[in-house]
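Letter by letter, the chains look like this.
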Amino acid sequence: MNTQTLTLNKALSSRQVRPLVNLANTLRILFSRARFVWQRQRQRRRLLELDDRLLKDIGISRVDAMGEGGKPFWRD
(Lines give C-alpha, C1' and ligand atoms only; values in the text may rest on other atoms or scores of the structure.)
Protein backbone atom coordinates (compact mmCIF):
# COMPACT_ATOMS: atom_id res chain seq x y z
CA MET A 1 0.00 0.00 0.00
CA ASN A 2 1.24 3.42 -0.82
CA THR A 3 0.55 6.63 1.07
CA GLN A 4 -2.04 7.73 -1.48
CA THR A 5 -4.11 4.59 -0.83
CA LEU A 6 -3.83 5.04 2.93
CA THR A 7 -4.96 8.64 2.63
CA LEU A 8 -7.93 7.62 0.47
CA ASN A 9 -8.90 4.87 2.92
CA LYS A 10 -8.82 7.33 5.80
CA ALA A 11 -10.82 9.93 3.86
CA LEU A 12 -13.58 7.49 2.91
CA SER A 13 -14.76 6.12 6.22
CA SER A 14 -17.85 3.92 6.29
CA ARG A 15 -19.92 6.87 7.53
CA GLN A 16 -18.99 8.81 4.39
CA VAL A 17 -19.48 5.95 1.94
CA ARG A 18 -22.86 4.75 3.25
CA PRO A 19 -24.80 7.87 2.09
CA LEU A 20 -23.24 7.51 -1.36
CA VAL A 21 -24.37 3.88 -1.53
CA ASN A 22 -27.87 4.88 -0.40
CA LEU A 23 -27.97 7.62 -3.04
CA ALA A 24 -26.80 5.21 -5.72
CA ASN A 25 -29.49 2.68 -4.73
CA THR A 26 -32.17 5.38 -4.69
CA LEU A 27 -31.16 6.62 -8.13
CA ARG A 28 -31.11 3.07 -9.47
CA ILE A 29 -34.64 2.48 -8.18
CA LEU A 30 -35.90 5.80 -9.58
CA PHE A 31 -34.41 5.16 -13.02
CA SER A 32 -35.79 1.63 -13.04
CA ARG A 33 -39.28 2.89 -12.17
CA ALA A 34 -39.07 5.65 -14.79
CA ARG A 35 -38.06 3.11 -17.44
CA PHE A 36 -40.97 0.85 -16.46
CA VAL A 37 -43.48 3.71 -16.64
CA TRP A 38 -42.09 4.85 -20.01
CA GLN A 39 -42.34 1.32 -21.43
CA ARG A 40 -45.92 0.93 -20.18
CA GLN A 41 -46.94 4.24 -21.77
CA ARG A 42 -45.26 3.28 -25.03
CA GLN A 43 -47.15 -0.05 -25.06
CA ARG A 44 -50.43 1.76 -24.47
CA ARG A 45 -49.79 4.10 -27.40
CA ARG A 46 -48.94 1.13 -29.60
CA LEU A 47 -52.12 -0.64 -28.52
CA LEU A 48 -54.15 2.31 -29.81
CA GLU A 49 -52.40 2.05 -33.18
CA LEU A 50 -53.51 -1.56 -33.78
CA ASP A 51 -56.33 -2.16 -36.22
CA ASP A 52 -59.46 -4.13 -35.31
CA ARG A 53 -58.15 -7.32 -36.91
CA LEU A 54 -55.02 -7.33 -34.75
CA LEU A 55 -56.99 -6.44 -31.63
CA LYS A 56 -59.30 -9.36 -32.31
CA ASP A 57 -56.26 -11.57 -32.79
CA ILE A 58 -55.01 -10.75 -29.27
CA GLY A 59 -58.50 -11.07 -27.83
CA ILE A 60 -59.52 -7.53 -26.95
CA SER A 61 -62.06 -5.14 -28.38
CA ARG A 62 -61.52 -1.59 -29.61
CA VAL A 63 -63.35 -0.33 -26.52
CA ASP A 64 -60.99 -2.28 -24.23
CA ALA A 65 -57.98 -0.97 -26.14
CA MET A 66 -59.21 2.60 -25.86
CA GLY A 67 -59.83 2.16 -22.15
CA GLU A 68 -56.33 0.84 -21.57
CA GLY A 69 -54.64 3.23 -23.99
CA GLY A 70 -56.36 6.25 -22.50
CA LYS A 71 -55.05 5.68 -18.99
CA PRO A 72 -52.53 8.19 -17.67
CA PHE A 73 -48.95 6.94 -17.32
CA TRP A 74 -49.10 6.73 -13.52
CA ARG A 75 -52.03 4.32 -13.43
CA ASP A 76 -51.65 0.54 -13.46
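All residue numbers refer to positions counted from 1 along the written sequence of the respective chain. Note on the predicted model: pLDDT of at least 70 is required for a residue's local features to be given, and 80 or more for side-chain atom pairs to be given and counted; whole-chain, interface and lining totals, by contrast, use all residues. Side-chain calculation: all heavy atoms of the structure are included, whereas hydrogens and water are not.

Asks: What is the right way to read the side chain of R40 from this model?
Replies: For R40, the location among the structural elements is in helix α2 (residues 14–49). Beyond its immediate chain neighbours, meaning those up to four positions away, R40 contacts R33, F73, W74, R75 and D76. A helix here means a DSSP run of H or I that spans at least four residues, while a strand means a run of E at least two residues long, and both kinds are numbered starting from the N terminus. Contacts are assigned to residue pairs with any non-hydrogen atoms lying within 4.5 Å of each other.

Asks: Can you walk me through the pattern of salt bridges in this structure?
Replies: Between side chains of opposite charge, a pair can form when the charged atoms approach closely. Just to be clear on terms, a salt bridge is a Lys or Arg side-chain nitrogen sitting within 4 Å of an Asp or Glu carboxyl oxygen. Under the defined criterion, the tally for this structure stands at 4 salt bridges. Residue R44 pairs with E68 through a salt bridge whose shortest N-O separation is 3.1 Å. Of this pair, R44 sits in helix α2 while E68 sits in helix α4 (residues 62–69); the two residues are 24 residues apart in sequence, bridging distant segments of the chain. For E68, a relative accessible area of 28% corresponds to the partly exposed category. For the exposure calls, accessible area comes from a 1.4 Å probe over protein chains only, and a residue counts as buried if that area is under 20% of its type's maximum, exposed if over 50%, partly exposed in between.

Asks: Explain the environment of R62 to me, please; I cannot follow it from the model alone.
Replies: Structurally, R62 can be placed in helix α4. By relative accessible area, which is 27% here, R62 ends up partly exposed. Each C-alpha atom of the pair R62 and L48 lies 8.3 Å from the other, and the pair is 14 residues apart in sequence. Not counting the four nearest positions on each side in its chain, R62 is found in contact with L48, L50, D51, D52 and L55. Polar contact criterion, stated in full: a pair of N or O atoms within 3.5 Å, where within protein one must be able to donate a hydrogen and the other to accept it, and residues adjacent in sequence count only if both atoms are side-chain atoms. Among the polar contacts made by the side chain of R62, one reaches the main-chain carbonyl oxygen of L50 at a distance of 2.5 Å.

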